[in-house]
Amino acid sequence: MEGLLQVPFLTALLAGAVTAGIPLLLAGLGEQMSEKAGVLNVGIEGMMLGGAYAGFLTAISSGSIWLGFLAGACGGALVAVPMVILCVQRGLNQIVIGIGLTLGLEGLTAILHHVQFSRTYPRLARVETLPIPLLSDIPILGPALFDRHPFVYLAFLLVPALAILYRGTNFGLWLRAAGDRPAALDVTGIDVIATRTVAVIFTGLMAGLGGAFLANVGAGIFVPFMTHGDGFIGVVLAMLARGRAASVLAGAMIFGGCLSLTTAFQIAGVNVPTDVIQMLPFATVMVVLIVFGRQASLPVALGLPYVRGER
Amino acid sequence: MKWNTLSAGLSATALVLALVGSAHAKDVKSIAILTPEQGTDFGWNQQGIDAAKAAGEKAGIKVVVAEGLGYGDVRPTMRELAKDGATLLIAHASGYNTAAPEIAAETGVAVAIVDTPKGLKAGSVADYTLSGHEGAYLAGRLAAKMSKSGTVGIVVSGEPPSWNSQSAGFAQGVKAEKADAKVLYAVIGPAAYADAAGGKRVTEAVIAAGADIIFGQGNGSSFGMLEAVETAKAANKVMFIDVIGDKSKIDKGNLLSSVVWNMVPVYSAMIADLKSDTYGTKSYKISLADDSVRLLKTPQIADDVWKQIMALRDDVISGKIKVEPVFEAAQVRALMSSVTEPPK
């Protein structure tokens, strides 16, 4: 086991788990707000792709990874606009529009990649990190968790920030009401459509950020279809989290950790078919679904359009 | 009189048979190739499209390219291409292996599929399970010669037979050159062909485990592997050996070599078989002998090392060194090392 317990190897595995988990965390947190407000946002995969493309294009053009994140957030929000118009305002089927958005963005970003990057495949340099004094010196944990790009710390800080928003503010209450009792919210004079619009745009922002992180930090490059189902995993995480931001964080890190474990098992030469090893992240999600699925409390009006006065 | 009648009858029969025979031989006017990603990936998709175009030009026939189709259902596209008059549909992805034979049965248009040697059907379905195992063997010998750490890595985005045989060939080459070298092996994920972030993450782990040369097999994901190699914080400079295509144009100094495939002879043979009515009776191969598989020389390879590799190439071609293809994933894994093995 000596080789497996080498510090650089364990550090790389843990760092890989965090890097793989951050896009899922951001997508899951975004989806959570949307679902709280009653909108099942299946288009999140497309929003991530939009963010990944816009984020990478901006980062490679400007040389600034921060501008890349900003552009990624805007790109994701832009993809969320049709969801707002068609589902929140016009009341069309959220699943159909969400899938349509995802397929559309897969095609669009593939074409844009073909036109702009496919002859040169530009790649970003290694991102600079911001080591946190003392903590970054802890063996294995330090470099993996506390010697990261500042965006990683901000992503983690979003978790308590959103928890406070949901539990301690009026807006958090409105979100829940928009998902559970939209008519009751309407009666109090709060605009249900506006509340859901804010939630869906926020989902786009977060998914776009997740996509930008995936392209700019996770891969250092943009390639077509690169989200590889991360958005859909984000939807599952949001559903399992029962409205708690901290649970989304836990789910994202478990999934990222399982991905790293699959690599560790293979490199360690564990004598099990690779297919079985690679089932681990997905099997873990299924186990969590079975164990906690019954306790999942989804908003009553999830997926249903709101029409004032309609029963 | 009787003899004359018989002779005339036989001649007429021979003429009819000849005419019927010539009517069976296909008049190949156009072929189509379908690829999951764009033909600009410096790899599987690009080599396939470029080869189809070259083979078509050589044979004087039209080539229709349907690229970037993804890994989903390609049946509608195949039906459309068949309706437009394509004589042959080259389904250039293992993910199309179920759909393509169905379309062949439905439309009567011949199809070519990959990684399914048992899927042959005369006149209808041919297989081209290409294996660059001989080239990968040479790449393994090269990697073992140039590795400073004595550990090399193989990162793949899936385990199709073609890549399994190359992984195995590479591992055999490494061990033949340096018996105590470690060969670490990791698959990114199930069909993670476009998972660039996964490619980078897994490659970083393999590098952290000590590998200083990565043999990478992936489509879009190979760019993530390359990024990991270029940005590695390792003691030794990490190098990358690619497969199928030539990424020299976009190299930043870490590309050591590539096992380059030339599929022109394969597609040319398919067109010839269609014309001669022998299509679907055999699988197609590539090899070092006809240069349809070759190892890429880059500035990173010293001339004396290259000379040694070329001598080994001659030995493989002459049969002095035998490199058998290994297509089964379990057999491939058996050839690999574990990071937990103590140094020999």
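Note that the coordinates shown come from a computational prediction; the quantities given were computed from them, not determined experimentally.

Parameters at a glance
- Within any chain, residue numbers begin from 1 and follow the written order of that chain's sequence.
- Following the order in which they are written, the chains are lettered starting with A and the ligands numbered starting with 1.
- Local features are withheld for residues below a pLDDT of 70 in this predicted model, meaning they are given only at 70 or higher, and side-chain atom pairs are given and counted only at 80 or more; totals for whole chains, interfaces and linings count all residues.
- By convention in this description, side-chain values take in all heavy atoms of the structure and omit both hydrogens and water.
- Secondary structure is summarised from DSSP: a helix means a run of H or I of at least four residues, a strand means a run of E of at least two, and numbering begins at the N terminus for each.
- Exposure classes here rest on a 1.4 Å probe applied to the protein chains alone. A residue is buried below 20% of its type maximum, exposed above 50%, and partly exposed in between.
- Whether two residues are in contact is decided by their heavy atoms: any pair within 4.5 Å suffices.
- Per-residue and other accessible areas were derived by the Shrake-Rupley procedure at a 1.4 Å probe size, with only the shown protein chains allowed to occlude residues.
- Counted as positive: Lys and Arg. Counted as negative: Asp and Glu. His and the chain ends are not counted at all.
- Each charge is placed at NZ for Lys, CZ for Arg, CG for Asp and CD for Glu.
- Salt-bridge detection follows one rule: a side-chain nitrogen of Lys or Arg within 4 Å of a carboxyl oxygen of Asp or Glu.
- The rule for pairing is simple: two strands pair if DSSP sees at least two bridges between them.
- Note on definitions: angles span 0 to 180 degrees between N-to-C directions of axes, and those axes are lines fitted to C-alpha atoms, for helices only across the stretch in contact.
- Either an automatic procedure or a domain database provided the assignment from which the domain bounds are taken.
- Here the buried area means the combined drop in accessible surface, using a 1.4 Å probe, for two parts upon being joined, counting both sides.
- Side-chain atoms alone can form a polar contact between residues adjacent in sequence; in general such a contact is a pair of N or O atoms within 3.5 Å, and within protein one must be able to donate a hydrogen while the other accepts it.
- Residue polarity follows a fixed list, in which Ala, Val, Leu, Ile, Met, Phe, Trp, Tyr, Cys and Pro are nonpolar, Asp, Glu, Lys and Arg are charged, and the others, Gly among them, are polar.
- For any helix crossing, the convention is left-handed if the near helix is rotated counterclockwise from the far helix by under a right angle, and right-handed if that rotation is clockwise.
- If an angle is under 35 degrees, it is roughly parallel; if it is over 145, roughly antiparallel; if it lies from 65 to 115, roughly perpendicular; otherwise it is oblique.
- Any residue with an atom within 4 Å of a point lines the site, the site being either a cavity, points on a 1 Å grid over the protein atoms alone where a 1.4 Å probe fits but cannot get out, or a pocket, an open set with protein on both sides within 12 Å along at least 5 of 7 lines.
- Grid points are joined across faces, edges and corners, and a volume is the space filled by probe spheres set on the points.

Q: Any chance you could explain the overall build of chain B here in plain terms?
A: Along its length, chain B carries 11 helices and 11 strands. Its C-alpha atoms give chain B principal-axis dimensions of roughly 90 × 45 × 35 Å. Residue burial in chain B is summarised as follows: out of 344 residues, 58% are buried. Long-range contacts, defined here as pairs at least 24 residues apart, represent 73% of the contacts in chain B between residues at least 6 apart. Of the accessible surface of chain B, which amounts to about 13400 Å², a share of 55% is contributed by carbon and sulfur atoms. Taking the average location of the 35 positive side-chain charges in chain B and that of its 36 negative ones, the two points are 2 Å from each other.

Q: Any chance you could explain the pattern of salt bridges here in plain terms?
A: Any two side chains of opposite charge can pair, given that their charged atoms come close. Applying the stated criterion across every chain yields a total of 16 salt bridges over all chains. Where Asp73(B) meets Arg75(B), a salt bridge forms, and the shortest distance between an N and an O atom there is 2.8 Å. Arg313(B) is the salt-bridge partner of Asp314(B), the closest N and O atoms lying 3.7 Å from each other. Relative accessible area serves as the criterion here: at 18%, Arg313(B) is assigned to the buried category. Each member of the salt-bridge network shares a partner with another, and the members are Arg123(A), Glu230(B) and Lys252(B).

Q: Before we go on, may I ask you to explain the sheet that holds strand 8 (residues 213–217) of chain B in this structure?
A: Strand pairing in a sheet is mediated by backbone hydrogen bonds. Such pairs are either parallel or antiparallel. Residues and elements named next belong to chain B. Strand order in this open sheet of six strands is 7-6-8-9-10-11, and the pairing throughout is mixed. Strand pairing shows two members of the sheet lacking a second neighbour, strand 7 (182–187) and strand 11 (293–295), which therefore form its edges. Neighbour-to-neighbour, the strand axes of the sheet open up by a mean angle of 15°, direction not taken into account. Judged from the six bridges that link them, strand 6 (residues 151–156) and strand 7 form a sheet pairing that is parallel. Directly across from Val155, in strand 7, lies its bridge partner Ala186.

Q: Sorry if this is basic, but what is going on with the domain arrangement of chain B here?
A: It is common to report an interface's size as the accessible area lost on association of the parts. Residue and element names in this part refer to chain B. Domain annotation for chain B reports domain 1 (23–130 + 264–275) and domain 2 (133–262 + 289–334). Taken over C-alpha atoms, the centre of domain 1 sits 28 Å from the centre of domain 2. Opposite the 14 residues of domain 1 that make contact, domain 2 presents 20 residues. Where domain 1 abuts domain 2, roughly 1400 Å² becomes buried across the two surfaces, and 60% of that area is made up of carbon and sulfur atoms. Among the residues domain 1 hides against domain 2, the three largest losses belong to Phe42, Trp44 and Gln47. Together they make up 39% of the total. Where domain 1 touches domain 2, the interface holds zero salt bridges. Along the contact surface separating domain 1 from domain 2 lie five residue pairs in polar contact (both at pLDDT 80 or more). Only helix 2 (44–59) and helix 9 (264–275) provide two or more residues apiece to the side of domain 1 that touches domain 2. Ranked by the residues each element gives to the side of domain 1 that touches domain 2, the list is headed by helix 2, at three residues.

Q: Hey, could you run me through unusual backbone geometry in this one?
A: The bulk of non-glycine residues show a negative phi, and the bulk of peptide bonds are trans. Although it is not a glycine, Leu134(A) sits at a positive phi angle of roughly 70°. Looking at where Leu134(A) falls in the secondary structure, it is placed in the loop between strand 1 (130–131) and helix 5 (141–145). For Asp115(B), which is not glycine, the phi torsion reads 60° and is therefore positive. One can find Asp115(B) in the loop between strand 4 (110–113) and strand 5 (125–127).

Q: Teacher, can you tell me more about the interface of chain B and chain A here?
A: Contacts between the two partners involve 44 residues from chain B and, on the opposite side, 42 residues from chain A. Summed over both sides, the interface of chain B with chain A buries roughly 3400 Å², with 57% coming from carbon and sulfur. One can count one salt bridge joining chain B with chain A. The salt bridge involving Glu230(B) is made with Arg123(A); its shortest N-O contact spans 2.6 Å. Where chain B meets chain A, there are nine residue pairs in polar contact (both at pLDDT 80 or more). Residue composition of the side of chain B that touches chain A, grouped by class: 23 nonpolar, nine polar and 12 charged.

Q: Explanation requested: the environment of Leu274(B) in the structure shown.
A: If you trace the backbone, Leu274(B) turns up in helix 9. Each C-alpha atom, one on Leu274(B) and one on Gly132(B), is 25 Å from the other, the two residues being 142 residues apart in sequence.

Q: Hey, could you run me through the packing of helix 3 (residues 65–89) of chain A against helix 9 (residues 192–219) of chain A in this one?
A: When two helices pack together, you describe them by how their axes are tilted relative to each other and by the distance separating the axes. Residue and element names in this part refer to chain A. Relative to each other, helix 3 and helix 9 sit at 145°, their axes nearing to 6 Å. Where helix 3 crosses over helix 9, the handedness of that crossing is right-handed. Considering only residue class, the contact of helix 3 with helix 9 consists of 18 nonpolar, eight polar and one charged.

Q: Would you mind going over the pairing of strand 3 (residues 88–91) of chain B with me for this structure?
A: The side chains of a regular strand alternate, first on one face of the sheet and then on the other. All names here are of chain B. Residues Leu88 and Ile90 of strand 3 are buried on one face, and the alternating residues Leu89 and Ala91, pointing to the opposite face, are buried as well. With four bridges connecting them, strand 1 (residues 30–34) and strand 3 associate as parallel partners. Pairing of Ile33 across the sheet is with Ile90, part of strand 3. When strand 3 meets strand 4, the two strands line up parallel, connected through three bridges. Bridge pairing in strand 4 places Leu88 opposite Ala110.

Q: For this particular structure, what's the right way to read the packing of helix 1 (residues 7–36) of chain A against helix 7 (residues 196–208) of chain B?
A: One way to put it is that helix 1 of chain A packs onto helix 7 of chain B with a least axis distance of 8 Å and a crossing angle of 170°. What the angle tells us is that helix 1 of chain A and helix 7 of chain B run roughly antiparallel. Facing Pro8(A), Phe9(A), Ala12(A), Leu13(A), Gly16(A) and Ala20(A) of helix 1 of chain A, the residues of helix 7 of chain B in contact are Arg201(B), Glu204(B), Ala205(B) and Ala208(B). Looking at the contact of helix 1 of chain A with helix 7 of chain B, its residues break down into seven nonpolar, one polar and two charged.

Q: Looking at this structure, how should I read empty space enclosed by the protein?
A: The gaps left among the atoms become clear once a water-sized probe is rolled over them. Applying the stated rule across the entire model yields two cavities of 30 Å³ or more. One number sums up the size of the largest cavity: a volume of about 70 Å³. Lining the largest cavity we find His113(A), Ser118(A), Tyr121(A), Val223(A), Pro224(A), Glu37(B), Gln38(B), Thr40(B), Asp41(B) and Gly220(B). Taken as a whole, the second largest cavity spans an internal volume of roughly 50 Å³. Along its surface, the second largest cavity is lined by Asp41(B), Gly43(B), Trp44(B), Trp163(B), Gly218(B), Asn219(B), Ser222(B), Asp242(B), Val243(B), Ile244(B) and Lys247(B). For the lining of the second largest cavity, the per-class residue count stands at four nonpolar, four polar and three charged. Each of domain 1 (23–130 + 264–275) and domain 2 (133–262 + 289–334) of chain B gives at least three residues to the lining of the second largest cavity.

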